[in-house]
Amino acid sequence: MLLRKIILLFSVIFITSTFAQRKKTDTIYVYEKVIVYDTIYLEKSIKLKPANLMLSSLEIEEEEIKEINRSNNQKELKEQIKKLRTKSFQYGIQAGIGFKKASWAEMLSEKNQQFGQNFGIWISKSIIDPNFSLMLSANVHHWNSTFDLDTNKEETYLDGYYFSEDDQPLLFQRFNNKHFEYVLQLKAIYEWKNLRPFVGFLANKNNYKMQFLVPENNVLNKLDDFKSNQVNFGFSLGLQYRIFSRFLIDVEYQHYKIKNLSLKNSSFDFDIFKTNNTGISYFISR
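Remember, predicted model here, so these are calculated numbers, not experimental data. (Residues numbered from 1 in each chain as written. Predicted model: local features only at pLDDT ≥ 70, side-chain atom pairs only at ≥ 80, totals over all residues. Heavy atoms only, no water.)

1. Considering the confidence of the model for the protein
Here is step 1 of the chain: Predicted confidence across the protein gives a mean pLDDT of 78, with 68% of residues reaching 70 or more.
Here is step 2 of the chain: Confidence drops under pLDDT 50 across residues 282-286; counting only partners more than four residues distant or on other chains, this segment forms 31 contacts. (pLDDT = per-residue confidence, 0-100. Contact = heavy atoms within 4.5 Å.)

Next up, the structure:
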């Protein structure tokens, strides 16, 4: 019995010493330190000296389009735009070719039509109605010659002596119908779709030239030029066709009458032809 108690005691002492020698596991705590940085902006006023700057005032230009009312109807919108355009002047240039027929020249040449070129400027404006307008144009025509009369080369229809109003003798030398023509014209135009029929009133001046021997010291030995210098009136009829929005093609008939073809210089004048001058021309204008 005593032996059992002794064995039990030593067993308890051995076990206790064994557990006493074991190392215990330590608990480690890790702390994280977080540092937050903030950016702080400080505003500080700075005194600046004003510079001498020249700034133009801002202006908003008025546009005519502001007068157009909002509309879903495209036809009405186009009509309103067209009306706005007619409030201002329109202008342009024109160039073309044409044929001219002068009755007085038929007895001098077998060619009935005289070919020529044309250049001019025009300005127009609608009045009363957007489709009705007046056009004022100024043109220069150059007409090529259809005959050439030279008494030094051959006998001509105009050979011989002529006499001025003060009975001065003049001896014909040469003449052809090549000349410049200056035309000022006022047209009344009505536009229907792309067609523009018109009627016009015109004033023109033909610059013909003849050469004669004139007396100098009572002897016919001086060659001098005689030029036409009168203004003639007539009318015109025609039709224009609009191509795109800026181009026009027009076919025009012009008619005017020259009562007498007067040829003058600084010292002499006389009338020789009774004329009825008619022209028909085709022009391309822009």
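There's plenty left to go through after this.
2. Focus: the nonpolar core
Here is step 1 of the chain: Formed by 20 residues in total, the largest nonpolar core has its most connected members in Trp104, Leu158, Leu170, Phe172, Phe175, Phe212 and Phe226.
Here is step 2 of the chain: Setting aside chain neighbours within four positions, we find Phe226 in contact with Leu170, Tyr208, Lys209, Met210, Phe212, Val214, Leu263, Lys264, Asn265, Phe268 and Phe270. (Core = buried A, V, L, I, M, F, W, Y, C linked by side-chain atoms within 4.5 Å. Buried < 20%, exposed > 50% of the residue type's maximum accessible area, 1.4 Å probe, protein only.)

3. What about the side chain of Gln240?
Here is step 1 of the chain: Examined against the element boundaries, Gln240 turns out to sit in strand 11 (residues 231-243).
Here is step 2 of the chain: Aside from chain neighbours lying at most four places away, what touches Gln240 is Met135, Lys187, Ile189, Asn194, Leu195, Arg196, Phe198, Leu248, Ile249 and Asp250. (Helix = DSSP H or I, 4+ residues; strand = E, 2+ residues; numbered from the N terminus.)

4. Re the layout of surface pockets
Here is step 1 of the chain: The space that makes up the second largest pocket amounts to roughly 260 Å³.
Here is step 2 of the chain: Taken together, 14 residues form the lining of the second largest pocket, with Asn176, Lys178, His179, Lys209 and Met210 sitting closest to its centre.
Here is step 3 of the chain: If you list the elements that add at least two residues to the lining of the second largest pocket, you get strand 4 (148-150), strand 6 (169-176), strand 7 (179-190) and strand 9 (209-216).
Here is step 4 of the chain: Looking at the lining of the second largest pocket, its residues break down into four nonpolar, five polar and five charged. (1 Å grid on protein atoms, 1.4 Å probe; cavity = no way out; pocket = protein on both sides within 12 Å on 5 of 7 lines; lining within 4 Å. Points joined across faces, edges and corners; volume = space filled by probe spheres on them. Nonpolar A, V, L, I, M, F, W, Y, C, P; charged D, E, K, R; others polar.)

5. With respect to the pattern of salt bridges
Where side chains of opposite charge bring their charged atoms close, a pairing between them can arise.
Here is step 1 of the chain: Summed over the entire model, instances satisfying the criterion amount to six salt bridges.
Here is step 2 of the chain: Across the pair Arg174 and Asp150 runs a salt bridge, and its minimum N-O distance is 3.7 Å. Within this pair, whereas Arg174 is found in strand 6, its partner Asp150 is found in strand 4, the two being separated by 24 residues in sequence.
Here is step 3 of the chain: For Asp150, a relative accessible area of 10% translates into the label buried.
Here is step 4 of the chain: A single network of salt bridges, built from pairs that share partners, joins Lys187, Asp250 and Glu252. (Salt bridge = Lys/Arg side-chain N within 4 Å of Asp/Glu carboxyl O.)

6. A short note on a negative patch on the surface
Here is step 1 of the chain: On the surface, Asp148, Glu154, Glu155 and Asp159 cluster together into a patch of negative charge.
Here is step 2 of the chain: Summarising the element assignment, Asp148 is placed in strand 4. (Patch = residues over 30% accessible without salt bridge, like charges linked within 9 Å, V, L, I, M, F, W, Y side chains within 5 Å. Areas by Shrake-Rupley, 256 points an atom, 1.4 Å probe, with all protein chains shown as cover. Lys, Arg positive; Asp, Glu negative; His and termini not counted. Charge placed at Lys NZ, Arg CZ, Asp CG, Glu CD.)

7. Looking at a nonpolar patch on the surface
Here is step 1 of the chain: A cluster of nonpolar side chains, Phe89, Tyr91, Ile123, Leu134, Leu136, Leu184 and Leu186, forms an exposed patch at the surface whose accessible area comes to about 710 Å².
Here is step 2 of the chain: Elements supplying a minimum of two residues to the nonpolar patch: strand 3 (132-143) and strand 7.

8. As for the packing of aromatic side chains
Here is step 1 of the chain: The full count for this structure, using the stated rule, is seven aromatic pairs.
Here is step 2 of the chain: Where Phe147 meets Phe175, the ring centres are 5.9 Å apart and the plane angle is 55°; that geometry is what we call tilted. Of this pair, Phe147 sits in the loop between strand 3 and strand 4 while Phe175 is found in strand 6, placing the two residues 28 residues apart along the sequence. The same class applies to Phe147 as to Phe175, namely buried.
Here is step 3 of the chain: Where Phe172 meets Phe212, the ring centres are 5.8 Å apart and the plane angle is 75°; that geometry is what we call edge-to-face. Residue Phe172 is located in strand 6, and its partner Phe212 is located in strand 9; the two are separated by 40 residues in the primary sequence.
Here is step 4 of the chain: Judged by relative accessible area, which is 2%, Phe172 ranks as buried.
Here is step 5 of the chain: The structure contains a cluster of three or more aromatic residues connected by ring pairs, namely Tyr162, Phe172, Phe212, Phe226 and Phe268.
Here is step 6 of the chain: Against the face of Phe89 rests Lys125, its NZ or CZ located 5.8 Å from the ring centre. (Phe/Tyr/Trp six-rings, centres within 6.5 Å; stacked < 30°, edge-to-face > 60°. Lys NZ or Arg CZ within 6 Å of the ring centre and 35° of its normal.)

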